[in-house]
Amino acid sequence: MKNDISTKYQFTDLRAHILPTIAAAQGIEDASDILALLKASGVDRVVATVDFYPGRVPYGAYLQMIRRAKENLAAVRLKSAPEVFACAELELGGGIEYMHELRDFAVSGTELLMVKLPRKKWDNEVLDTLSALRFAGFNILLADVGAYQPEAIEDLFAIGYRGQLDISDIATFNFRCRKRALEWIDSGFVVALGTGL
């Protein structure tokens, strides 16, 4: 009987910057190595994310980047690679709720929209935009919640939003940060993990 964790559990990496020529991966070989490592670690599915900044990157340019990345990913498909999906980490800004193309930014075939919050203090416009996205039928997932002020994120958790956390926020030597991250998971506020590679 095999005692391999990957045969017992299915894991999804819900934030990997591995798209060749777009994100952190240096090229097709780098992405291939990362995918093989993730599969060997028991990861069965990877959601490869691309940062998208409405108003700064034209929508057509984003579509070209995704097309090119998918072509490159097709070249790195390995027998030992997890299934790969793509989506945008959409920077939250005023007016994005009116973009007709929002479904193109969601995780492939779903209504799951990964949202990056602004680094500045969140005002009513940010909260109104989150509400409008939710009202439009999207399942909002706040990306990389460990990067923000805990009190501010917890205010959003309190009104029903859920988040994604990078593994490094759990594997940190900072006891207070690790304890808070584990409490968020136990409380159901963090519903997704990712490598953040």
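Keep in mind the model is a prediction, meaning the values are calculated, not measured.

## A word on the pattern of salt bridges
Okay, step 1: Inspection of every chain in the model, using the stated rule, returns two salt bridges.
Okay, step 2: Among the salt bridges present, the one from arginine 103 reaches glutamate 111, with a minimum N-O distance of 2.9 Å.
Okay, step 3: Here glutamate 111 falls in the partly exposed class, since its relative accessible area comes to 34%.
Okay, step 4: Across the salt bridge formed by lysine 179 and glutamate 183, the nearest N and O atoms sit 3.0 Å from each other. Of this pair, lysine 179 and glutamate 183 both sit in helix α6 (residues 175-186), four residues apart, which is roughly one turn of the helix.
Okay, step 5: Classification of lysine 179 by relative accessible area gives partly exposed; the value is 43%.

## Some points on α6
Okay, step 1: With twelve residues, α6 should reach 16 Å at 1.5 Å per residue; the first-to-last C-alpha distance of 16 Å fits that figure.
Okay, step 2: Its side-chain oxygen placed 3.1 Å from the backbone nitrogen of arginine 176, asparagine 174 serves as the N-cap of α6.
Okay, step 3: After α6 finishes, the residue glycine 188 shows a positive phi value of roughly 85°.

## Some details on the nonpolar core
Okay, step 1: Ranked by internal contacts, the top residues of the largest apolar core, which has 34 residues, are Phe105, Leu113, Leu117, Leu130, Leu133 and Ile140.
Okay, step 2: Elements with a contribution of two residues or more to this core: β2 (43-52), α3 (59-75), β3 (83-91), β4 (112-116), α4 (124-135), β5 (139-142), α5 (150-158) and α6.
Okay, step 3: Each residue touching leucine 133, except ones within four places of it in the same chain, is listed here: Leu92, Ile96, Glu97, Leu102, Leu113, Val115, Phe138 and Ile140.

## Notes on the side chain of aspartate 169
Okay, step 1: You can see aspartate 169 is positioned in the loop between β6 (162-166) and α6.
Okay, step 2: Ignoring anything within four residues of it in the chain, the contact list for aspartate 169 reads Asp144, Gly146, Cys177, Arg178 and Ala181.

Rules used in this analysis
Residues numbered from 1 in each chain as written. Predicted model: local features only at pLDDT ≥ 70, side-chain atom pairs only at ≥ 80, totals over all residues. Heavy atoms only, no water. Salt bridge = Lys/Arg side-chain N within 4 Å of Asp/Glu carboxyl O. Buried < 20%, exposed > 50% of the residue type's maximum accessible area, 1.4 Å probe, protein only. Helix = DSSP H or I, 4+ residues; strand = E, 2+ residues; numbered from the N terminus. Expected span 1.5 Å × (residues − 1). Polar contact = N/O pair within 3.5 Å; in protein donor to acceptor, adjacent residues only side chain to side chain. Core = buried A, V, L, I, M, F, W, Y, C linked by side-chain atoms within 4.5 Å. Contact = heavy atoms within 4.5 Å.

Any link to function would need more than the numbers given here.
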